[in-house]
Amino acid sequence: MKEDHRNTILVTGASRGIGRAVAIELARQGYDIAVHYVRDERGAAATLEEIQSNEANGRLLCFDVSDREHSAQVLASDIEQFGAYYGVVCNAGITR
């Protein structure tokens, strides 16, 4: 049975920087957060820990947004389990 997560927001690139700050602020405002990352699992876990310290729910999602097929699989599975997202913050990017 799906849980009702109408207040979940997916934040891509949430393991550090702007994405992390956005995810934490949204959690402070009462939203549950799907924390996306591709490489920095420790950073994403730290973001999730901060979210949970604000008494919000969260979970980690790992996928490379440039891989459409894998991204679709991960997102479909998450939506199947938790329901549709209330919003999405597209923050994933490359730092050189």
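Refer to the structure presented above.
Okay, so let's go over this structure. None of the values given here were measured: they were computed from a predicted structure.

**Quick look at helix 3 (residues 68–82)**
Residues that lie three or four places apart on an α-helix share one face, since the helix turns once every 3.6 residues. With 15 residues, helix 3 extends 21 Å from end C-alpha to end C-alpha; this agrees with the ideal 21 Å at 1.5 Å per step. Along helix 3, the positions that sit buried rather than exposed are Ser71, Val74, Asp78 and Phe82. Seen end-on, helix 3 carries its buried residues on one side only, within an arc spanning 70°. Structural note: helix 3 exposes Arg68, Glu69 and Glu80 on the side pointing more than 90 degrees away from its buried face. Those residues of helix 3 that are buried lie in contact with strand 3 (58–62). Positive phi appears at Gly83, one or two residues downstream of helix 3, with a value of about 95°.

**Looking at the sheet that holds strand 4 (residues 87–89)**
On the basis of which strands lie adjacent, the open sheet formed by four strands has the order 3-2-1-4 and parallel pairing. Each edge of the sheet is formed by a strand with only one pairing partner; in this case those strands are strand 3 and strand 4. Neighbour to neighbour, the strand axes of the sheet diverge by 20° on average, direction disregarded. In terms of strand pairing, strand 1 (residues 8–11) meets strand 2 (residues 32–37) through four bridges, oriented parallel. Within the sheet, the bridge partner assigned to Val11 lies in strand 2 and is Val35. The strands that helix 1 (residues 17–28) touches are strand 1, strand 2 and strand 4; relative to strand 1, the one it contacts most, it runs at about 170°.

What counts, and at which threshold
Residues numbered from 1 in each chain as written. Predicted model: local features only at pLDDT ≥ 70, side-chain atom pairs only at ≥ 80, totals over all residues. Heavy atoms only, no water. Helix = DSSP H or I, 4+ residues; strand = E, 2+ residues; numbered from the N terminus. Expected span 1.5 Å × (residues − 1). Buried < 20%, exposed > 50% of the residue type's maximum accessible area, 1.4 Å probe, protein only. Arc of directions from axis to C-beta. Contact = heavy atoms within 4.5 Å. Pairing = 2+ DSSP bridges. Axes fitted to C-alpha atoms, helices over the stretch in contact; angles between N-to-C directions.

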